[in-house]
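# Report on the structure
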Amino acid sequence: MEDQKLPCVLIDCIGEKHGVYEEHVEFLKEHFCLITMKEYIENKKILGKKIRAIYMWYHKPVINEELLQSLPNLKIVASSGVGIDHLDLNLLSRYGVKVSNTPFIVSTDTADLGMALMLASSRRLVEGYQMAVSPDTEYFPANWLGDEVSGATLGIIGMGTIGYKVAERAKAFEMKILYHNRKQRNKEEENAVGAIYCKKIDDLLRQSDFVMLAVNLTPQTHKLIGKRELQLMKPTATLINISRGLVVEQDDLVEALQNKVIKAAALDVTYPEPLPRDHPLLKMENVLITPHIGSATKKTRHLMMENMTESIQAALTSLPIPHEVLL
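Looking at an unreviewed UniProt entry, the chain carries the name Glyoxylate reductase/hydroxypyruvate reductase, with the source organism given as Anser brachyrhynchus. What UniProt states about the chain under its Sequence similarities (unreviewed entry) heading is, verbatim, "Belongs to the D-isomer specific 2-hydroxyacid dehydrogenase family."

Shown next, in the form of structure tokens:
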């Protein structure tokens, strides 16, 4: 809290497990007086009135009504990433607090990861690495095979910014691209990537060799993929999730994988995160899991920080807020 002339912004902490990156602090302190949750809790009466924004780095600090009641001058919550399912927008609106996120910044990296998961799963890269480095390996079996990605059919559920970037990458692999979305893309956008619209999700599921989930988590997409949808997929198909864990009914996915209803799954997201160490998904050879790293590159995280800073500055000066989340 070096310069009280700068607007006060509440953060969870610096460093540690979920805190603001230490390498971001110098930039943030040029624009804001940073107040950690620990500092705030120790001096609520004074600091509560000074805090004008919350810098929410990966869902921290947690925002509830008790916190909002103690921050009478709060103007904005700037949240990192795309998802806003961790925020009660109606509650924030009642307190007159605006919300922003960073949707377009994360799309390129997340699309890259979607392709990486598809390639790693289909070509069995993790298993191959384990075989290659195992002290017990005496030879590489000639019948150890994966599946082709080039020329296969990819079904994208959720053709927003991330989904469309996945389609752009899949086109380079000469994949047949199907997609299901609330709204059909215009013909020019479809033609640019060779994508075919499936009005019914069932049609996409039946035809796809790879099904990639790229939707936001909403009441409509909560457990969108369950037993019925998995049974519609090909027994040779792979499910790839780069959206949110709760888009999939996880118990049904376990059952489908165990019973070979589908061939494999590649998941950047689960629920909870991380999974309990004895969870069956962690023990399956046909499952690849990464630790929710869709946007986890240095460049993207720095751009997210800059974008959140711009949103806070805009809100505090009554300017239009970049990427404001509206009810």
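## Concerning the nonpolar core
Core analysis: the largest hydrophobic core is formed by 29 residues, its most contacted members being Ile157, Leu239 and Leu253. When contributions to this core are tallied by element, the ones reaching two or more residues are α10 (201-207), β9 (210-213), α11 (227-232), α12 (250-258) and β11 (264-267). Looking at which element gives the most residues to this core, the answer is α12, with 4 residues. Discounting chain neighbours no more than four positions away, the residues touching Leu253 are Leu230, Leu239, Val248, Ile262, Ala265 and Leu267. Ranked by size, the runner-up nonpolar core spans 28 residues in total, among them Met115, Val149, Val193 and Met212.

## A word on the state of the cysteines
Per the counting criterion, the structure on display carries 0 disulfides. The closest cysteine sulfur to the non-disulfide-bonded Cys33 is located on Cys8, 3.9 Å from its own sulfur. On the basis of relative accessibility, which here comes to 2%, the residue Cys33 falls in the buried class.

## Description of the packing of aromatic side chains
Scanning the entire structure with this criterion turns up 4 aromatic pairs. The interplanar angle of 10 degrees and the centroid separation of 5.9 Å between the aromatic rings of Tyr55 and Trp57 together place this pair among those described as stacked. Note on Tyr55: relative accessible area 1%, which makes it buried. Between Tyr179 and Tyr197, the ring centres sit 5.2 Å apart and the planes meet at 50 degrees, which makes this aromatic pair tilted. Note that Tyr179 is positioned in strand β7 (residues 176-180) and Tyr197 in strand β8 (residues 195-197), a separation of 18 residues in sequence. Three or more aromatic residues link up through ring pairs in this structure, and these residues are Tyr21, Tyr55, Trp57 and Tyr58.

Scoring rules and cut-offs
Residues numbered from 1 in each chain as written. Predicted model: local features only at pLDDT ≥ 70, side-chain atom pairs only at ≥ 80, totals over all residues. Heavy atoms only, no water. UniProt positions renumbered as here; feature names shortened; annotations may be inferred. Core = buried A, V, L, I, M, F, W, Y, C linked by side-chain atoms within 4.5 Å. Buried < 20%, exposed > 50% of the residue type's maximum accessible area, 1.4 Å probe, protein only. Helix = DSSP H or I, 4+ residues; strand = E, 2+ residues; numbered from the N terminus. Contact = heavy atoms within 4.5 Å. Disulfide = S-S within 2.5 Å. Phe/Tyr/Trp six-rings, centres within 6.5 Å; stacked < 30°, edge-to-face > 60°.

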